[in-house]
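# Working through the structure, step by step
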Amino acid sequence: MKKVVLQKGREHSVLRRHPWIFSGAIKTSESSKPEMVEVVSFNGERLGFGFNSPSSQIRVRIVSFKAEPTRDYLKAKILEAVSSRKYDFSSSQARRLINAENDDLPGLVADAYAGHVVLQLTSKFAADTQALIVETLMESGAKSVSERSDVEVRAKEGLEVGGFAFLAGSEPPETIEIEESGVKFLIDVRKGHKTGYYLDQRAARKAVGEYAFGKVLNCFSYTGGFGHYAAKNAAVTHVLQVDVSAEALKRGREIMALNACPEEKMTFEEADVFKFLRACRDQGKSFDTIVLDPPKFAESKSQVMKAARGYKDINLLAMKLLKPGGILATFSCSSAMTSDLFDKVVSEAAADAKASFRILARTLQADDHPVSISFPEGQYLKGLILRKAL
Ligand code: SAH
């Protein structure tokens, strides 16, 4: 196997079991094509095996710090990830079965919706391993396996940015009905966001559903996730779902009917949240519960300050619209925005809003999205559930 030799001192990160090797860390490489390579330190010590991706900034992704990653080894790793979820492919549940680097399978995401699996392959390694992944998932009981390759990061790996592709099994229906903590959802694996849904917020949706009361404003609602949970709570009188995507809201109305939510209890508004919150402020509106679950504001560390301004803006507006005693559930899914920094931004917003807020709970991505302790980038989602003091 060809060798990649690291610069002196650049072995430390690999010894700490971080899986990414950037081009600047490499002294010499015998490989110039996408293939498995052996990674060694400047003095020839073997550090692990990784996949070489010549066109990417992340030049090598470590696949194994121990044994050589043969086909059998990779199959065992896929099975380890899938079996740890204890997922029943014949159930109506939805789960992430493989969480990329955090499951030692760089760039490989597999989400299951009532037995139908959708892959997202964002590294050369994952793309190269596709056939084995499909085979292993079908043997594990998947009803079907499809792929969504409409993710921009694929371009950075020199991979084609495409769309939906059905790969194996029986073709998934146009919408897949799933159930999450007693709430039903309709998932469009062809055109829905990501692989169809934001599975990572499952635990947070449940928590917020329990805290919610009175008039609820669900900002960046997508198909209404947090709002459908809230509507099941008897203490909630009304849910207003706001998103910029008309298609997501249309699906949200179907999901509302599916859950037999009374017509008067939920409304949908197609709007830009930044403008919508300002309009609410100008009209003197107020709410008892507000959810802020925006898209990623920072793609990288260089965008953190700009992202912080965006988070502060919406949090400040929401804090002012919230009645005393009300609940604010606020989230960030940018991994560059650390939990400490997010706390700081939210506390600055509270200061500007001239109000006190208490932390009732902190949320993380759901436990089917485990985070490797050696890979801080894996911890991207964080949330605060706050109560506004009187
Ligand atoms: N809370 C959702 C997931 C939200 S994802 C759930 O639990 O399923 C973020 C959403 O923000 C997407 O649906 C996207 O369409 C929407 N969005 C992005 N920018 C927006 C903006 N400026 N105003 C309103 N919605 C926006």
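A few points on the structure. (Residues numbered from 1 in each chain as written. Predicted model: local features only at pLDDT ≥ 70, side-chain atom pairs only at ≥ 80, totals over all residues. Heavy atoms only, no water.)

The next thing to look at is the overall build of the protein. Looking only at helices and strands, the protein features 11 helices and 20 strands. Over its C-alpha atoms the protein spans a radius of gyration of 22 Å, differing by no more than 12% from the 21 Å that the globule rule assigns to 390 residues. Counting only C-alpha atoms and orienting by the principal axes, one finds that the protein spans roughly 65 × 50 × 30 Å. Of all 390 residues assigned to the protein, the portion counted as buried reaches 56%. If you take every contact in the protein between residues at least 6 apart in sequence, the share linking residues at least 24 apart comes to 62%. Summed over all atoms, the accessible surface of the protein reaches about 17000 Å², with 51% contributed by carbon and sulfur. (Helix = DSSP H or I, 4+ residues; strand = E, 2+ residues; numbered from the N terminus. Rg over C-alpha atoms; globule rule 2.2 N^0.38 Å. Buried < 20%, exposed > 50% of the residue type's maximum accessible area, 1.4 Å probe, protein only. Contact = heavy atoms within 4.5 Å. Areas by Shrake-Rupley, 256 points an atom, 1.4 Å probe, with all protein chains shown as cover.)

Surveying the vicinity of the ligand reveals 17 residues, the closest of which are Arg205, Asp243, Val244, Val273 and Asp293. Arginine 205 places a side-chain nitrogen or oxygen 2.8 Å from an oxygen atom of the ligand. In the environment of the ligand, an oxygen atom lies 2.7 Å from a nitrogen or oxygen atom belonging to the side chain of aspartate 243. Its free accessible area being 580 Å², the ligand has 89% of it covered by the protein chains. Of the residues in the shell around the ligand, the class split is 10 nonpolar, three polar and four charged. (Near = heavy atom within 4 Å. Polar contact = N/O pair within 3.5 Å; in protein donor to acceptor, adjacent residues only side chain to side chain. Nonpolar A, V, L, I, M, F, W, Y, C, P; charged D, E, K, R; others polar.)

Leu217, Cys219, Leu277, Ile290, Leu292, Met319 and Leu328 are the most contacted members of the largest nonpolar core, which has 38 residues in total. Of all the secondary structure elements, the ones that give two or more residues to this core are strand E14 (214-219), strand E15 (236-243), helix H9 (273-282), strand E17 (287-292), helix H10 (304-321), strand E18 (322-332), helix H11 (339-353) and strand E20 (382-388). Looking at this core, the element that brings in the most residues is H10, giving 10 residues. Leucine 217 has contacts with Leu240, Val242, Phe276, Leu277, Phe287, Thr289, Ile290 and Val291, leaving out every residue within four places of it along the chain. Counting 27 residues, the second-largest nonpolar core is a separate cluster that includes Leu97, Leu119, Ala126 and Val145. (Core = buried A, V, L, I, M, F, W, Y, C linked by side-chain atoms within 4.5 Å.)

Before going further, it helps to examine the packing of H9 against H10. Put simply, H9 and H10 touch, their axes get as near as 10 Å, and they point 30° apart. Classified by the angle between their axes, H9 and H10 sit roughly parallel to one another. Crossing handedness for the pair H9 and H10: left-handed. Across the interface between the two elements, Val273, Phe274, Leu277, Arg278, Cys280 and Arg281 from H9 touch Gly310, Asp313, Ile314, Leu317 and Leu321 from H10. Among the residues forming the contact of H9 with H10, the class breakdown is seven nonpolar, one polar and three charged. (Axes fitted to C-alpha atoms, helices over the stretch in contact; angles between N-to-C directions. Parallel < 35°, antiparallel > 145°, perpendicular 65-115°, else oblique. Left-handed = near helix turned anticlockwise from the far one by under 90°.)

Next up on the list: unusual backbone geometry. Non-glycine residue arginine 17 carries a positive phi angle of around 70°. Secondary-structure assignment places arginine 17 in the loop between helix H1 (11-15) and strand E2 (20-22). Although it is not a glycine, serine 181 adopts a positive phi angle of roughly 45°. As for its placement among the helices and strands, serine 181 is situated in the loop between strand E12 (176-180) and strand E13 (183-187).

Read across the open sheet, the five strands follow the order E7-E8-E9-E10-E11; overall the sheet is mixed. At either end of the open sheet lies a strand with only one pairing partner, and these are strand E7 (94-99) and strand E11 (164-169). In this sheet, neighbouring strand axes are inclined to one another by 20° on average, regardless of whether the strands run parallel or antiparallel. Two strands pair when backbone bridges link them, and strand E8 (residues 108-113) and strand E9 (residues 116-121) are joined in this way by six bridges, in the antiparallel orientation. Across the sheet, alanine 110 pairs through a bridge with leucine 119, a residue of E9. Docked against the sheet, helix H4 (residues 130-140) engages E7, E8, E9, strand E10 (144-148) and E11, running at close to 160° with respect to E9. (Pairing = 2+ DSSP bridges.)

Our focus in this paragraph is the pairing of E15. Summarising burial for E15: six of the eight residues are buried, a large majority. Examined bridge by bridge, E14 and E15 share six bridges and lie parallel to one another. Bridging from a neighbouring strand, lysine 215 pairs with histidine 238 of E15. Read as a crossover between parallel neighbours, the route from E14 over helix H7 (residues 225-231) to E15 is right-handed. Relative to strand E16 (residues 266-270), E15 runs parallel, the two being bridged by five bridges. Each residue of the ladder has a partner; that of valine 239, found in E16, is methionine 266. (Right-handed = clockwise from strand over helix to strand, strands pointing away.)

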